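Descriptive analysis of the structure
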Amino acid sequence: MRRTSPHIRITRLMLWMWLGLCSGCFLFKSSTRTSQVPQAPPAPAPPPRPAVQAVDTAEKNIPAAAPFHVAAFAKLIRKPVYHIALFCPLYLDSMQNESSTNAWLTRFPDYFVPGLEFYEGVKVAMDSLRSMGARLVIKVYDTHSASLPITKAVEDSFLQKADLILGMLSYQELQTLGAFSRQHQVNLVSATLPNDAGITGNPFLIIVNSTLAAHAHAILQYVLTNFNNVHLTLWSQPSSDDNTIAQLFLDVHRQHPQYTVMPMQQVVYDTSWSISRIASQLDVNQNNVCIFTTLDPAVALNMAYKMASLTDRYQINMIGMPTWDQIHTWFTDSSLYGLPVFYSSPFVTSPQSPAARYLQQKFMQLYQTRDPSPYAWKGFDIGYRFVWLMLQYGIYFNARINDPRANMLIPYQFEPVYKKVTDSIPDYFENRKIFFMKIYGGRTYPAGSINAAD
């Protein structure tokens, strides 16, 4: 199916901008006509009702004991209209500053695409909720705006009254908005950054894209649960990133008594290693489970070729990071087909699910493609889930964050994270459900999931 050119879609975004989409607020009002949405997603019942029924906006304490020892979470606050702040990198200043639109289109940069496609997914989610009666006021903030950077956006009057913040954020941006959310006691959903930005003591922060620490927990649990007769090795390069990730694995392994039955040896390597030197780290009599800490697909592929050449003599299972889903050579080079490769990911969807088919239909209507990008999937799934929770339970939905009726594409499992065992209030909430995919014989297979424990 033909995919709409990013140039055309960016041009549409520019048009929306000129109509006021990104310069201010836009209201999704409840519709009085029958929805024409084809096969609406499996939205939980009852439909959002704030727009059509009187709502008691008084603060009520439910239950007597505050969930997670956070006083705000015991308050039931529903509103007739909800205000949502959406942060994503749209680079609108770059588009506006171009002297010639045609000249700009001929040198369209790839970095424009993720933010736009995330926004597109969120927009489909909001339109779906609107068709069920929700009244939402949404303001879109461009995280790369020169006139309103995040350091100034936190002073914006709309953000001051926001009931929910959704963000596709960088490390520094999450730090700034995290401090704002804690001060103003407003839930902040970090959608795509696999990092907590060093934040502590903020129970209003919700991290969807699991941190690498969660992946380390999940991978080790997965190996312990799914492999027998294991010779476990942890492969890392002498670089700061690899060292940081390797230390996460080493800490998890050392701190949990269950792993004493499964010793782990660290192997510090570089890509110049010969096949014979790699073989010297393997055991011919055991199942060699090799965990690689590299996030670089090129490095992973380099080592995979060498590992694949040894599968006739050794039993090898290669386990890697979420970024390994970017490697397409797994499926095109038959020399890799004999090497079982696993990678972890918090985002795994079934394209045949009702919600997935709905999103594909909407993208066909809007953009002439049934192939939403991963960022569009995330924008739709995350936007729908958290706004639905707010409509159902009020602005402090945290005690019901794992309501299975809110699941659309992905069944997340959010858990409170306590960095110190003496803490009574969570540092944040994090999605701890990690999926595993297996690549073998040029194909991908679902390989189970783990709820990463602390």
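Scope of this entry: the structure provided in the associated data block.

So, how was this worked out
- Residues numbered from 1 in each chain as written.
- Predicted model: local features only at pLDDT ≥ 70, side-chain atom pairs only at ≥ 80, totals over all residues.
- Heavy atoms only, no water.
- Helix = DSSP H or I, 4+ residues; strand = E, 2+ residues; numbered from the N terminus.
- Buried < 20%, exposed > 50% of the residue type's maximum accessible area, 1.4 Å probe, protein only.
- Areas by Shrake-Rupley, 256 points an atom, 1.4 Å probe, with all protein chains shown as cover.
- Axes fitted to C-alpha atoms, helices over the stretch in contact; angles between N-to-C directions.
- Left-handed = near helix turned anticlockwise from the far one by under 90°.
- Contact = heavy atoms within 4.5 Å.
- Parallel < 35°, antiparallel > 145°, perpendicular 65-115°, else oblique.
- Nonpolar A, V, L, I, M, F, W, Y, C, P; charged D, E, K, R; others polar.
- Pairing = 2+ DSSP bridges.
- Right-handed = clockwise from strand over helix to strand, strands pointing away.
- Salt bridge = Lys/Arg side-chain N within 4 Å of Asp/Glu carboxyl O.
- Phe/Tyr/Trp six-rings, centres within 6.5 Å; stacked < 30°, edge-to-face > 60°.
- Lys NZ or Arg CZ within 6 Å of the ring centre and 35° of its normal.
- Polar contact = N/O pair within 3.5 Å; in protein donor to acceptor, adjacent residues only side chain to side chain.

The subject of this paragraph is the overall build of the protein. Of regular secondary structure, the protein possesses 13 helices and 17 strands. Counting all 454 residues of the protein, 54% fall into the buried class. Of the roughly 19500 Å² of accessible surface on the protein, a fraction of 51% belongs to carbon and sulfur atoms.

Interhelical geometry of helix H12 (residues 354-367) versus helix H13 (residues 374-393) gives an angle of 115° and a closest axis separation of 11 Å. Remark: the crossing between H12 and H13 carries right-handed chirality. Touching Ala355, Ala356, Tyr358, Leu359, Gln360 and Phe363 of H12 are Ala376, Trp377 and Phe380, all from H13.

How two helices sit against one another is set out by the angle between their axes and by the gap between those axes. Running from N to C, helix H4 (residues 113-130) and H13 point in directions that differ by 40°, and their axes come no closer than 7 Å. One way to sum up the angle between H4 and H13 is to call them oblique. Viewed along their axes, H4 and H13 form a crossing whose handedness is right-handed. Contact residues: H4 offers Pro114, Glu117, Phe118, Gly121, Val122, Val124, Ala125, Met126, Ser128 and Leu129, while H13 offers Tyr375, Ala376, Lys378, Gly379, Phe380, Gly383, Tyr384, Val387, Trp388 and Leu391. Classifying every residue of the contact of H4 with H13 by side-chain character gives 14 nonpolar, 4 polar and 2 charged.

In terms of burial, strand S4 (residues 82-88) is largely enclosed, as 7 of its 7 residues are buried. A two-sided burial pattern is seen for S4, the buried positions comprising Tyr82, Ile84, Leu86 and Cys88 on one face and His83, Ala85 and Phe87 on the other. Of the pairings in the sheet, the one linking S4 to strand S5 (residues 136-142) comprises 7 bridges and is parallel in character. Paired with cysteine 88 across the bridge in S5 is aspartate 142. Taken together, the 4 bridges between S4 and strand S6 (residues 164-167) define a ladder with parallel strand orientation.

Right, let's talk about unusual backbone geometry for a bit. The phi torsion of most residues other than glycine is negative, and most of the peptide bonds are trans. Phi at tyrosine 91 is positive, roughly 55°, even though this residue is not glycine. Following the sequence through the fold, tyrosine 91 ends up in the loop between S4 and helix H2 (92-96). With relative accessibility at 17%, the residue tyrosine 91 sits in the buried group. A positive phi angle, near 55°, is found at alanine 197, a position not held by glycine. Note on alanine 197: relative accessible area 2%, which makes it buried.

A separate point is the pairing of strand S10 (residues 264-268). For a regular strand, side chains alternate in direction, first toward one face of the sheet and then toward the other. As judged from the 5 bridges shared by strand S9 (residues 230-236) and S10, these two strands associate in the parallel manner. Paired with leucine 232 across the two strands is methionine 264, which belongs to S10. Assessed by its sense of winding, the connection that carries the chain from S9 through helix H9 (residues 240-255) to S10 is right-handed.

Below, the discussion takes up the sheet that holds strand S13 (residues 341-345). Sheet architecture is open: 7 strands sit in the order S10-S9-S11-S12-S13-S16-S17, paired in mixed fashion. At either end of the open sheet lies a strand with only one pairing partner, and these are S10 and strand S17 (443-451). Taken pair by pair, the neighbouring strands of this sheet meet at an average axis angle of 25°, ignoring direction. Sheet analysis places strand S11 (residues 287-292) next to strand S12 (residues 315-320), joined by 5 bridges and oriented parallel. Looking at the pairing, isoleucine 291 lines up with isoleucine 319 of S12. Of the strands in this sheet, S9, S11 and S12 are in contact with helix H11 (residues 297-308), which crosses S12 at around 170°.

What follows covers the pattern of salt bridges. Scanning the entire structure with this criterion turns up 8 salt bridges. A salt bridge links aspartate 196 to lysine 419, with the shortest nitrogen-to-oxygen separation between them at 2.9 Å. In this pair, aspartate 196 sits in the loop between strand S7 (188-190) and strand S8 (205-207) while lysine 419 sits in the loop between strand S14 (414-417) and strand S15 (428-431), placing the two residues 223 residues apart along the sequence. Under the relative-accessibility criterion, aspartate 196 is labelled buried at 14%. For lysine 419, a relative accessible area of 41% puts it in the partly exposed group.

The relative placement of two aromatic rings is captured by the distance of their centres and the angle of their planes. Tallied over the full model, the rule gives 24 aromatic pairs. Judged by centre distance (6.2 Å) and plane angle (70°), the ring pair of tyrosine 222 and phenylalanine 227 falls under edge-to-face. A single burial state applies to tyrosine 222 and to phenylalanine 227, both of which are buried. Ring geometry for tyrosine 222 against phenylalanine 342: centres 6.1 Å apart, planes inclined by 55°, an arrangement best described as tilted. On the criterion of sequence distance, the pair formed by tyrosine 222 in helix H8 (residues 212-226) and phenylalanine 342 in strand S13 is long-range, its members being 120 residues apart. Comparing tyrosine 222 with phenylalanine 342 shows no difference in burial state: the two are buried. In textbook terms, an aromatic cluster arises when at least three aromatic residues are bridged by ring pairs, as seen for Trp235, Tyr269, Trp273, Phe292, Trp324 and Trp330. The ring of tyrosine 375 carries the charged tip of lysine 378 above its face, separated from the ring centre by 5.2 Å.

Okay, the side chain of aspartate 403 next. Positionally, aspartate 403 belongs in the loop between H13 and S14. From its side chain, aspartate 403 meets the backbone nitrogen of arginine 405 in a polar contact 2.9 Å long. The contacts of aspartate 403, once residues within four sequence positions are left out, are Arg385, Trp388, Leu389 and Tyr393.

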